[in-house]
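# Examination of the molecular architecture
So the chains spell out like this:
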Number of protein chains: 2
Amino acid sequence: MPVRIIIADDHRIVREGLRHLLEKRTDFKVVAEAPDGESAVRLAKELSPDVVILDISMPGLNGIEATRRILAERPGVKVLALSMHSDRRFVIETLKAGASGYVLKDSAFDELARAIEVVMARGAFLSPAITEMVVRDYVTQAGVDDAAAFSVLTPREREVLQLMAEGESTKAIAGRLAVSVKTVETYRQQIMEKLDLHSVAELTKYAIREGLTEL
Amino acid sequence: MPVRIIIADDHRIVREGLRHLLEKRTDFKVVAEAPDGESAVRLAKELSPDVVILDISMPGLNGIEATRRILAERPGVKVLALSMHSDRRFVIETLKAGASGYVLKDSAFDELARAIEVVMARGAFLSPAITEMVVRDYVTQAGVDDAAAFSVLTPREREVLQLMAEGESTKAIAGRLAVSVKTVETYRQQIMEKLDLHSVAELTKYAIREGLTEL
DNA sequence: GCCGCACCCAGGGTTTTCCCCGATTTTGCG
DNA sequence: CGCAAAATCGGGGAAAACCCTGGGTGCGGC
């Protein structure tokens, strides 16, 4: 019985490439592709796959938040984060969200395949570069501050901040998150309050530094 | 005789995916992969391929500059830009650099394959979304302005943009430049118009890319 | 001398943000 | 359970941003 996999990445051509690589192996079966976080969560709920390969930096609902939601709905699913960032905060947040592995996009495909095997065997997999970083932090007790700084904001607040930094208006964000404009305004206020940043420009820079959005 | 192709993308797993998709076709042959712009230029010079598929956003030597260098060395090579941005300025600069095609990463692989066929037949290929944009600009005569606008924000406009990106309010900018608020507003409007960016978040990102402000 | 362009300013309107307040419900955790 | 934090929504008002239109100056080039 093949490993049932969902691929989530915002670039179709990347999804197709991954699918082909994965399906060269008869023990892997790609059951769905998702172009964004929302779809990934929905598909994971519907299909209960074995593994979800999640691109961390996606527009809208990002990979970290998507990881949380997927695991909230389907705790048995293994989430494999696929990222181009070896940024410490990304790694910490992703793993904290419950991902079973963190693979850099700069890895060979074989590494991803190995990661799938490992997480299916209830293990955890990190790309070597990530492992090194995590180990270094682990022994030096570092990373804690970074994590704390990052999580000043609640998941929802980060989500709103990300959309703001992507240029969406309050109204648009409200629509996307299916909440009222007033709710989004409250978040914006809390974000500004917490970060002590009072312009969209500064918030955008913060979001970029934190990896919530891309340049 | 197959089409000889070089793939340049900074993510190995993406390169591998593309290679596999391309090599499913017997008439395509991937002769090399490059993880960055420099390698792409060097490999293109050494191997004189038929087509170079270039990711536009690569670290170091980016796709646009790489395109220029490749064509300077090997004018016969066809450069196909592969990009995740449908950003007007990227498109204009890339095409101006001499690329034969511009394919969005969000396209199906078949579209990329078609693009290769088209450029090999001495044609030009754009993803539909890009085509639409280019056509719209073309008929409205806008593209011309925008192309110029890439570098032709006037000094004063750049100054205003920089201050905006640093988080200053319109009023603060007016005070700093010792002009009226209305004047600054006019600049802001012209900047947004020229760059086709309509949120402070996007303007900030632009300013960072242009080196007008620091992250 | 006229044209284009950068620069500067303004009126008057709509929309959005920003900030103050208060409120309820849901959820995680000891 | 009970408490704190998170998430949700709302009113109301001041400020700012946004949009369109117009006009005036000076300067360099054809």
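A brief look at the structure comes next. Being a predicted model, the structure only gives us computed values, none of them experimental.

Basis of the calculations
- Residues numbered from 1 in each chain as written.
- Chains lettered and ligands numbered in written order.
- Predicted model: local features only at pLDDT ≥ 70, side-chain atom pairs only at ≥ 80, totals over all residues.
- Heavy atoms only, no water.
- Helix = DSSP H or I, 4+ residues; strand = E, 2+ residues; numbered from the N terminus.
- Buried < 20%, exposed > 50% of the residue type's maximum accessible area, 1.4 Å probe, protein only.
- Contact = heavy atoms within 4.5 Å.
- Areas by Shrake-Rupley, 256 points an atom, 1.4 Å probe, with all protein chains shown as cover.
- Axes fitted to C-alpha atoms, helices over the stretch in contact; angles between N-to-C directions.
- Parallel < 35°, antiparallel > 145°, perpendicular 65-115°, else oblique.
- Near = heavy atom within 4 Å.
- Polar contact = N/O pair within 3.5 Å; in protein donor to acceptor, adjacent residues only side chain to side chain.
- Pairing = 2+ DSSP bridges.
- Right-handed = clockwise from strand over helix to strand, strands pointing away.
- Nonpolar A, V, L, I, M, F, W, Y, C, P; charged D, E, K, R; others polar.
- Core = buried A, V, L, I, M, F, W, Y, C linked by side-chain atoms within 4.5 Å.
- Buried area = accessible area lost by both parts, 1.4 Å probe.

### A word on the overall build of chain A
A count of helices and strands for chain A gives 11 helices and 6 strands. The burial tally for chain A puts 53% of its 215 residues in the buried class. The contacts of chain A with a sequence gap of at least 6 include a subset with a gap of at least 24, amounting to 63%. Accessible surface, chain A as shown: approximately 9200 Å² in total, 52% of it carbon and sulfur.

### Some details on the packing of helix 1 (residues 12-23) of chain A against helix 1 (residues 12-23) of chain B
The geometry of helix 1 of chain A relative to helix 1 of chain B is characterised by a closest axis approach of 8 Å and an angle of 75 degrees between their N-to-C directions. Taken together, the axes of helix 1 of chain A and helix 1 of chain B are roughly perpendicular relative to one another. Where helix 1 of chain A approaches helix 1 of chain B, its residues Ile 13, Val 14, Glu 16, Gly 17, Leu 18, His 20 and Leu 21 of chain A are matched on the opposing element by Ile 13, Val 14, Glu 16, Gly 17, Leu 18, His 20 and Leu 21 of chain B.

### Describing the protein's contact with DNA strand D
Taken together, 18 residues surround DNA strand D, and among them Thr 154, Ser 180, Lys 182 and Tyr 187 of chain A together with Thr 170 of chain B come closest. Residue Lys 182 of chain A places a side-chain N or O atom 2.5 Å away from a base oxygen belonging to DNA strand D. Listed by contribution, the elements that provide at least two residues to the surface near DNA strand D are helix 8 (155-165) and helix 10 (181-195) of chain A together with helix 9 (170-177) and helix 10 (181-195) of chain B. The dominant element in the surface near DNA strand D, judged by the number of residues it contributes, is helix 10 of chain B, at 5 residues.

### Comments concerning the pairing of strand 4 (residues 78-83) of chain A
Residue and element names in this part refer to chain A. With 6 of 6 residues buried, strand 4 is to be regarded as a mostly interior element. Both faces of strand 4 are covered, namely the face carrying Lys 78, Leu 80 and Leu 82 and the face carrying Val 79, Ala 81 and Ser 83. In this structure, strand 3 (residues 51-55) lies alongside strand 4, joined through 5 bridges in parallel fashion. Bridge pairing in strand 4 places Val 52 opposite Val 79. Assessed by its sense of winding, the connection that carries the chain from strand 3 through helix 3 (residues 63-73) to strand 4 is right-handed. Direction of pairing for strand 4 relative to strand 5 (residues 101-104): parallel, over a ladder of 4 bridges.

### Things to note about the protein's contact with DNA strand C
Neighbouring DNA strand C are 18 residues; Thr 170 of chain A together with Thr 154, Arg 156, Ser 180 and Lys 182 of chain B lie closest to it. Among the atoms of DNA strand C lying within 4 Å of the protein, the sugar-phosphate backbone contributes 60%. Contacts to DNA strand C include Thr 170 of chain A, whose side-chain N or O atom sits 2.6 Å from a phosphate oxygen. One nitrogen or oxygen atom from the main chain of Ser 180 of chain B is found 2.7 Å from a phosphate oxygen belonging to DNA strand C. At 5 residues, the largest contribution of residues to the surface near DNA strand C is made by helix 10 of chain A. Across the surface near DNA strand C, the residue classes tally to 4 nonpolar, 8 polar and 6 charged.

### Notes on the nonpolar core
Counting 44 residues, the largest nonpolar core has Ile 116 of chain A together with Ile 116 of chain B as the members making the most contacts within it. When residues no more than four places from it in sequence are discounted, the contact partners of Ile 116 of chain B are Val 3, Ile 5, Leu 22, Phe 28, Val 51, Ile 53 and Leu 80 of chain B.

### Concerning the sheet that holds strand 6 (residues 125-126) of chain A
Pairing is parallel in the open sheet, where 6 strands are placed in the order 2-1-3-4-5-6 (chain A). Each edge of the open sheet carries a strand with a single partner, namely strand 2 (28-34) and strand 6 of chain A.

### Notes on the interface of chain A and chain B
Taken together, the 35 residues of chain A in the interface contact 34 residues of chain B. Both sides together, the interface formed by chain A and chain B hides about 2900 Å², and carbon and sulfur atoms give 68% of it. It is Ile 13, Lys 205 and Leu 215 of chain A in chain A that bury the most area against chain B; as a group they hold 24% of the surface buried on that side. For the pair chain A and chain B, the interface holds 16 residue pairs in polar contact (both at pLDDT 80 or more). The set of elements that each furnish at least two residues to the side of chain A that touches chain B consists of helix 1, helix 5 (109-120), helix 8 and helix 11 (200-209) of chain A. It is helix 1 of chain A that provides the largest number of residues to the side of chain A that touches chain B, a total of 9 residues. Of the residues in the side of chain A that touches chain B, the class split is 15 nonpolar, 8 polar and 12 charged.

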